[in-house]
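# Residue-level structural notes
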Amino acid sequence: MTVAAMHSPEPLLKPVGVLWGVGSERSAQLARLHIHTVEDLLLHRPRRYEDRRHFRPIASLKLNEGVTTRGTVVAMGIKRFRRGTKSVFELILEDGTARLHCRWWNLPFMERYFEVGNDVVVFGKLNQLKPRTMDHPETEVVEAGEEQFLHFNRWTPVYPLTEGLPQRWLRSLIWRTLNQFEARIKDPLEGDWLASAPGFPQRVPSRAEAIRALHFPDTIEAVETARRRLALDEFVALQMQMRRRRETFESKAEALPCGGDNRLMKPFLSALGFKLTASQTRVLREIRADLRGAHPMRRLLQGDVGSGKTVVAACSALMAVESGYSAAVMAPTEILAEQHYRTLNRWFAPLNVPVELRTGSARIESSRPAAGARVVVGTHALLTSGCEIPRLGLVVIDEQHKFGVAQREQLVRKGRYPHLLIMTATPIPRTLGLTLYGDLDVSTIDAAPPGRGTVRTYVRPADRLERVWAFVRDQLAKGRQAYVVYPRVEDAGTGIKAVTREFEAVQRALAPHAVGLLHGRLPARARDEVMQAFREGRIRVLVATSLIEVGVDVPNATVMVIENAEQFGLAQLHQLRGRIGRGAHESHCILVSDADTDEARARLRVLEETTDGFRIAEADLKFRGPGELLGRQQSGMPDFRFGDLVRDLDLIQWARDAVKRLPCGKA
Ligand code: ADP
Ligand code: MG
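The following paragraphs examine the structure supplied in this document. (Residues numbered from 1 in each chain as written. Chains lettered and ligands numbered in written order. Predicted model: local features only at pLDDT ≥ 70, side-chain atom pairs only at ≥ 80, totals over all residues. Heavy atoms only, no water.)

### Description of the overall build of the chain
Keep this limit in mind: Secondary structure is summarised from DSSP: a helix means a run of H or I of at least four residues, a strand means a run of E of at least two, and numbering begins at the N terminus for each. Only protein chains enter the accessibility calculation, which uses a 1.4 Å probe. A residue is then buried if its area is under 20% of the maximum for its type, exposed if over 50%, and partly exposed in between. The criterion used for residue contact is that any of the two residues' heavy atoms lie within 4.5 Å.
Along its length, the chain carries 21 helices and 23 strands. For the chain, the proportion of its 667 residues judged to be buried stands at 54%. Restricting to contacts in the chain with at least 6 residues of sequence separation, those with at least 24 account for 72%.

### Some words on the side chain of Thr156
Filter applied, for reference: Nitrogen and oxygen atoms within 3.5 Å of one another constitute a polar contact, given that in protein one can donate a hydrogen and the other can accept it, and given that sequence-neighbouring residues count only through two side-chain atoms.
Mapping Thr156 onto the fold places it in strand 9 (residues 155-158). Within polar-contact distance, the side chain of Thr156 engages the backbone oxygen of Arg154 at 3.2 Å. Apart from residues no more than four positions distant in its own chain, Thr156 is found in contact with Arg48, Tyr49, Glu50, Arg52, Leu150, His151 and Arg171.

### Describing the site of ligand 1
What counts is decided by this rule: What makes a residue near a molecule or strand is one non-hydrogen atom of that residue sitting within 4 Å of it. Here, Shrake-Rupley sampling with a 1.4 Å probe gives the accessible areas, and only protein chains in the shown set may cover a residue. Under this grouping Gly is polar, as are all residues other than the nonpolar Ala, Val, Leu, Ile, Met, Phe, Trp, Tyr, Cys and Pro and the charged Asp, Glu, Lys and Arg.
The local shell around ligand 1 holds 16 residues, among which Lys275, Gly306, Lys309, Thr310 and Arg452 are the closest. At 3.1 Å from an oxygen atom of ligand 1 is found a main-chain nitrogen or oxygen belonging to Gly308. The side chain of Arg582 places a nitrogen or oxygen atom 3.2 Å from an oxygen atom of ligand 1. Against a free-state accessible area of 570 Å², the protein chains account for coverage of 85% of ligand 1. For the shell around ligand 1, a count of residues per class yields four nonpolar, six polar and six charged.

### Side note on the pattern of salt bridges
In plain terms, the rule: What makes a salt bridge here is a side-chain nitrogen of Lys or Arg within 4 Å of a carboxyl oxygen of Asp or Glu, nothing more.
This model, assessed by the stated rule, comprises 40 salt bridges. Glu39 is the partner of Arg207 in a salt bridge, and the nearest nitrogen-oxygen pair spans 3.6 Å. Here Arg207 is found in helix 6 (residues 207-215), whereas its partner Glu39 is found in helix 3 (residues 38-42), with 168 residues between them in sequence. For Arg207, a relative accessible area of 11% puts it in the buried group. Salt-bridge contacts for Arg52 lead to Glu50; the nearest nitrogen and oxygen are separated by 2.7 Å.

### Some details on the sheet that holds strand 18 (residues 455-460)
The criterion, for reference: What makes two strands pair is DSSP finding at least two bridges between them. In this description, a line fitted to the C-alpha atoms serves as the axis of each element, helices being fitted only across the stretch in contact, and the angle between N-to-C directions of two axes falls anywhere from 0 to 180 degrees.
The strand order across the open sheet built from six strands is 18-23-22-19-21-20, with neighbouring strands paired in parallel fashion. The open sheet terminates on both sides in strands that have one partner only, identified here as strand 18 and strand 20 (515-518). The average undirected angle you get between the axes of adjacent strands in this sheet is 15 degrees. Pairing of strand 22 (residues 557-562) with strand 23 (residues 587-592) involves four bridges; the strand directions are parallel. Of the residues in strand 23, the one forming a bridge with Val561 is Ile590.

### Considerations on the pairing of strand 4 (residues 99-105)
Counting buried residues along strand 4, five of its seven residues qualify, which places the element largely inside the surrounding structure. Direction of pairing for strand 3 (residues 86-94) relative to strand 4: antiparallel, over a ladder of seven bridges. By the bridge assignment, Ile92 is partnered in strand 4 with His101. What sits between strand 3 and strand 4 in their antiparallel hairpin is a turn of four residues, with Gly96 showing a positive phi close to 95 degrees.

### Description of the packing of helix 18 (residues 570-577) against helix 19 (residues 598-609)
To keep it simple, the criterion reads: Each crossing gets its handedness from the near helix: less than a right angle anticlockwise from the far helix is left-handed, clockwise is right-handed.
In the contact formed by helix 18 and helix 19, the axes pass within 10 Å of each other and the chain directions differ by 35 degrees. Relative to helix 19, the crossing made by helix 18 is right-handed. Across from Leu570, Leu573, His574 and Arg577 in helix 18, the residues of helix 19 making contact are Arg603, Leu604, Val606 and Leu607. For the contact of helix 18 with helix 19, the per-class residue count stands at five nonpolar, one polar and two charged.

### Brief notes about the sheet that holds strand 3
Strand pairing in a sheet is mediated by backbone hydrogen bonds. Such pairs are either parallel or antiparallel. Strand order in the open sheet formed by seven strands is 6-7-4-3-2-5-8, and the pairing between neighbours is mixed. In the strand order of this sheet, the two ends are held by strand 6 (126-128) and strand 8 (138-142), each with one partner. Put simply, the sheet's adjacent strands are angled 40 degrees from each other on average, direction ignored. Two elements, strand 5 (residues 119-124) and strand 8, share five bridges in a ladder whose sense is antiparallel. Following the sheet pairing, Asp119 is matched in strand 8 by Val142.

### Considering helix 17 (residues 524-535)
Worth spelling out the cut-off: The span one expects for a helix is its residue count, reduced by one, times 1.5 Å. The arc in question is traced by the directions running from the helix axis to the C-beta atoms.
With twelve residues, helix 17 should cover 16 Å at 1.5 Å per step; its first-to-last C-alpha distance of 16 Å lies within 8% of that length. The complete set of buried residues in helix 17 reads Arg527, Val530, Met531, Ala533 and Phe534. Each buried residue of helix 17 sits inside an arc of 165 degrees when the element is viewed along its axis, so together they form one side. Contacts made by the buried residues of helix 17 are with helix 11 (334-348), strand 19 (481-485), strand 20, strand 21 (541-544) and strand 22. Among the residues trailing helix 17, Gly537 stands out with phi positive, at a value near 85 degrees.

### Overview of the pairing of strand 22
A regular strand places its side chains on the two faces of the sheet in alternate fashion. For the record, the criterion: Assignment of crossover handedness uses the view with strands pointing away from the viewer, where a clockwise path from the first strand over the helix to the second indicates a right-handed crossover.
Within strand 22, six of the six residues are buried, leaving the element largely enclosed by the surrounding structure. One ladder, built from five bridges, connects strand 19 with strand 22; its direction is parallel. Across the sheet, residue Val484 finds its bridge partner in strand 22, namely Val561. What joins strand 22 to strand 23 is helix 18, and the crossover it makes is right-handed.

### A few points about the environment of Lys275
Within the secondary structure layout, Lys275 lies in the loop between helix 8 (265-271) and helix 9 (278-291). The exposure class of Lys275 is exposed, given its relative accessible area of 74%. C-alpha of Lys275 to C-alpha of Pro450: the two residues are 175 residues apart in sequence and 9.8 Å apart in space.

### Brief notes about the side chain of Glu338
Here is the rule: Here the positive residues are Lys and Arg and the negative ones are Asp and Glu; neither His nor the chain ends is included.
Note on placement: Glu338 falls in helix 11. Buried within the structure, Glu338 lacks any salt-bridge partner; its nearest side chain of opposite charge belongs to Arg342, at an N-O separation of 5.2 Å. Apart from the residues lying within four places of it in its own chain, the contact partners of Glu338 are Leu357 and Asp528.

### Some thoughts on the nonpolar core
Quick note on the threshold: Within this scheme, the nonpolar core is defined by two criteria: the residues are buried Ala, Val, Leu, Ile, Met, Phe, Trp, Tyr or Cys, and they are joined through side-chain atoms within 4.5 Å.
Of all hydrophobic cores here, the largest spans 58 residues; its most connected members are Leu19, Leu30, Leu41, Leu42, Leu170, Leu173 and Trp654. In terms of residues, this core owes the most to one element, helix 7 (residues 221-252), which gives ten residues. Residues within four places of Leu30 in sequence aside, it is in contact with Val16, Val22, Ile35, Leu165, Leu170 and Leu173. Counting 45 residues, the second-largest nonpolar core is a separate cluster that includes Phe268, Met297, Val311 and Ala313.

### Observations concerning the packing of aromatic side chains
Formally: Here a Phe, Tyr or Trp ring, Trp counted by its six-membered ring, pairs with any other such ring whose centre lies within 6.5 Å, and the pair is stacked when the planes are under 30 degrees apart, edge-to-face when over 60, and tilted otherwise.
A full pass over the atoms with the stated rule returns 13 aromatic pairs. Consider the rings of Phe81 and Trp105, whose centres lie 6.4 Å apart with planes at 80 degrees: the pair is edge-to-face. Taken together, the residues span a long stretch of sequence, with Phe81 in strand 2 (residues 67-81) and Trp105 in strand 4 at a distance of 24 residues. The exposure class assigned to Trp105 is partly exposed, which follows from its relative accessible area of 34%. Ring geometry for Phe89 and Phe114: centres 6.2 Å apart, planes at 20 degrees, overall stacked.

### Side note on the packing of helix 7 against helix 21 (residues 649-661)
Formally: In these notes the angle categories are as follows: under 35 degrees is roughly parallel, over 145 is roughly antiparallel, 65 to 115 is roughly perpendicular, and the rest is oblique.
Taken N-terminus to C-terminus, the directions of helix 7 and helix 21 make an angle of 45 degrees; their axes are 9 Å apart at the nearest point. In terms of orientation, helix 7 lies oblique with respect to helix 21. As helix 7 runs across helix 21, the sense of the crossing is right-handed. For the pair helix 7 and helix 21, contact is made by Arg228, Ala231, Leu232, Phe235, Val236, Gln239, Met240 and Arg243 and by Asp650, Leu651, Ile652, Trp654, Ala655, Arg656, Val659 and Lys660, respectively. Of the residues that constitute the contact of helix 7 with helix 21, the class distribution is ten nonpolar, one polar and five charged.

Here is the structure:
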């Protein structure tokens, strides 16, 4: 607890120690629940609610049904066995209709909490009928003279606890604190500002009303209304913070004029060999307007795998170069950086635009004279490595959605503020997009270039592998190429297949076709050689880890087999699948999995049903939650107490629009 907080004029920010009955021991226990201030206490979310207006008679309880019941202790005792190393504590309750046996295994100290004659409330499930028995139920002993109205005759909150902290003590504390501080709970924004928020059955409750309903709701439906109200405050606060950041940024960062004059663009587009799609053209118009604008561009470009983002990056780089500024293009891996380098070099060589590759293992300067503006390609380490790029006007970050806002700015805040274009093929669910990228403008390429074959996806059990290989051999015989993907590099004895181990088996299964091996633990040189051979068709099959997930572009590869597919997230599988279907031929993605839960099967089936990246991202979010979806090290991912990124799209959107409409100086 900081000194500032102790003397804070803001009553809700006072430490819990100021509350009656909270000494240093209780304070320490509450701190373990991340409750430090009065406000933290008031926002402590019940983990469930019990309907204690009606207790179920013990005689009416059914097997495996979660219920609240109540009775008087008529007998209790501990049995020890296995020479006293194991024990069971048993409590027998009686409510006039029947008896209930409650048992706790190996928790002998439970005995201390009860006495014969106690009135006890029990929440649990019957796991046996004769006699009626609950194992490890939750209990509360009813004490005489206590605030009965608080613990009974209502929807009663049940809180997350910590060692030594009694449920009823915490409930009473919250009750008293709420009464004491309720009048001090202010809405972050006054007036009927919130009146138009969506999805509230009646009027939008005030923050104070919502907090009361969170703990002591009149109806169980009121809990969800309260949650949404409190979520709204979180979303509004976040959007305000983003707006403020953007305003500060725009007030101090001056844009470099990078709009270009078309003198390189014209010859580039006419030599390209294909026509830009309407989507690509629209996005480029948006980018050009930014590059000519008063503030440095902060734009996210979303486009499904294979939608043609690279050429958009190339055009943007040309605009900068035309204006006399350099551009940096960064990829997440060396393989991808090298691929971009090759593509850009091929495209830009006839225009005499110098292209440079800088990665940990390579520094290749193009032979053309490098006076003035240039294009530098590298990994994400490029900008953190301290290397200077003269007259840097534009930074393109490819296939990256794992940066938090702060990191992102750090990355480009070198000297003057270059324009920033972030490209991602991982469509992020709208809720995440708005919270994570709320401060970015978004462009979307929503149509693939013409002439793409379709990709069919099948989920198959592992015992059908022989037939899968036969199918792959068939496709190889027709001149196609294939990827075979495994979740691991090495076998760690987990039963999950690893590339290094399966490599020979695949070679045998697909003989006589040439098979190559690609994974992250190979030296960069070896990886290069394998990729090159695959690109040139000398290798027909690439056995790989998810290293090939992003960017790799070999149009003749039309088959992908992914073993232990359940080990991957949906978005990742979709990314992997994006490696095929890049040419005119029909492509096939076979997900091999012995997924044994319904959920795992349902998850994979989403990929059979759709190739719409957004639908897949939404499904992934539902199945795995935002943390998993973005990777554990996701920084900049706001930690919501009440906000729910799966369910609250309407609120997030509303908060964003509402904050946008606020007059200057209000945010
Ligand atoms: P991604 O968006 O996944 O990065 P790429 O930029 O790698 O996609 O593009 C995939 C392939 O499509 C490349 O071979 C690229 O040259 C080609 N491509 C891009 N735009 C078009 C277009 N308008 N017409 C035809 N092919 C295109
Ligand atoms: Mg790409």
